[in-house]
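Analysis of the macromolecular model
Read off the chains here:
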Amino acid sequence: MQPNIKLRPFEPKDLEQVMYINRMCLPENYPSYFFMDHFKRFPETFLVAEDKGVIVGYIMCRIETGLLSFKPLGILKRGHTISIAVLPEYRRRGIGYALVSKALEAMAVKYGAKECYLEVRVSNTPAINLYKKVGFEIKKIIKGYYADGEDAYLMVKKLVHPLG
Ligand SMILES: CC(C)(COP(=O)(O)OP(=O)(O)OC[C@H]1O[C@@H](n2cnc3c(N)ncnc32)[C@H](O)[C@@H]1OP(=O)(O)O)[C@@H](O)C(=O)NCCC(=O)NCCS
């Protein structure tokens, strides 16, 4: 990633720019309270990429309690990637990869999550490739997951705490 691009936690002053990127880049759009709720509950996994004060990408996640996909099976904390986007003119520069990697690290280190999962449109090759590059695997297809009827892949990655 270019040195002029900085990753940092989301701050309330970023809300308008993040919502603009969300509306520009994705059909799944959310009201402001949805973003603010994730910021308040899971601030360590809501990150932005900034270029000279301008927000050019974001990732927003949450931590849930649920059944793990990997051994040891059981009920533990799981990260869930809710939304990620990078402005078109900033793509293919490693920003998406950096955002996902940093959010995954925070899930494990700050919140003790043991795995991360996400849903992605089966047609969204750039995102699927990004997630595979970070280490996600396709677990299953969720039929008709999206409002327009498109199927989703459920993708999962085991998280390892860097200090064991
Ligand atoms: C998906 C998205 C976040 C990727 O962001 P990005 O900053 O361009 O990603 P990176 O530059 O870090 O790319 C990392 C890897 O992803 C894959 N990738 C990214 N864009 C790709 C494309 N257009 N075609 C194929 N693979 C692609 C590649 O494997 C790439 O590694 P490489 O450059 O070494 O080949 C961006 O395309 C985007 O905002 N898309 C619209 C929103 C969206 O679909 N979000 C995901 C919803 S689940």
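Here, the structure is the one placed above.
To keep things clear, this report deals only with the structure shown in the data block. (Residues numbered from 1 in each chain as written. Predicted model: local features only at pLDDT ≥ 70, side-chain atom pairs only at ≥ 80, totals over all residues.)

Re the overall build of the chain
Looking only at helices and strands, the chain has four helices and seven strands in total. Starting at the N terminus, the α and β elements of the chain follow one another as β-α-α-β-β-β-α-β-α-β-β. Taken over C-alpha atoms, the radius of gyration comes to 15 Å for the chain, in line with the 15 Å a tight globule of 164 residues would show. On the principal axes, the C-alpha backbone points of the chain span a range of 45 × 40 × 30 Å. Counting the 164 residues in the chain, one finds 27% classified as buried. Expressed as a percentage of contacts within the chain between residues at least 6 apart in sequence, the contacts between residues at least 24 apart total 64%. (Helix = DSSP H or I, 4+ residues; strand = E, 2+ residues; numbered from the N terminus. Rg over C-alpha atoms; globule rule 2.2 N^0.38 Å. Buried ≥ 20, exposed ≤ 12 C-beta atoms within 10 Å, placed from the backbone. Contact = placed C-beta atoms within 7 Å.)

Comments concerning the packing of helix α1 (residues 15-25) against helix α2 (residues 32-41)
Axis separation between α1 and α2 bottoms out at 11 Å; the angle between their running directions is 115 degrees. Crossing of α1 against α2: the hand is right-handed. Together, Leu-15, Val-18 and Met-19 of α1 and Ser-32, Phe-35 and Met-36 of α2 make up the contact between the two elements. Of the residues belonging to the contact of α1 with α2, the class tally is five nonpolar, one polar and no charged. (Axes fitted to C-alpha atoms, helices over the stretch in contact; angles between N-to-C directions. Left-handed = near helix turned anticlockwise from the far one by under 90°. Nonpolar A, V, L, I, M, F, W, Y, C, P; charged D, E, K, R; others polar.)

As for the sheet that holds strand β6 (residues 137-142)
Strand order in the open sheet formed by seven strands is β1-β2-β3-β4-β5-β7-β6, and the pairing between neighbours is mixed. A single partner strand is all that each edge strand has here, and the edge strands are β1 (5-9) and β6. Strand-to-strand twist across the sheet, computed as the mean angle between neighbouring axes with direction ignored, equals 25 degrees. Note: strand β4 (residues 75-86) against strand β5 (residues 115-121), three bridges, orientation parallel. Bridge pairing in β5 places Gly-79 opposite Cys-116. Packing against the sheet, helix α3 (residues 95-111) makes contact with β1, β2 (46-51), β3 (54-67), β4, β5 and β7 (152-158), and its axis sits at approximately 40 degrees to β3. Taken strand by strand, helix α4 (residues 125-134) contacts β5 and β7, and its axis lies near 160 degrees from that of β5. (Pairing = 2+ DSSP bridges.)

A word on the environment of Asp-14
The topology assignment puts Asp-14 in the loop between β1 and α1. What makes Asp-14 partly exposed here is the crowd of 19 C-beta atoms within 10 Å. Sequence separation of Asp-14 and Gly-135 is 121 residues, and the distance between their C-alpha atoms is 29 Å. Discounting residues that sit within four places of it in the chain, Asp-14 has contacts with Val-48 and Ile-55.

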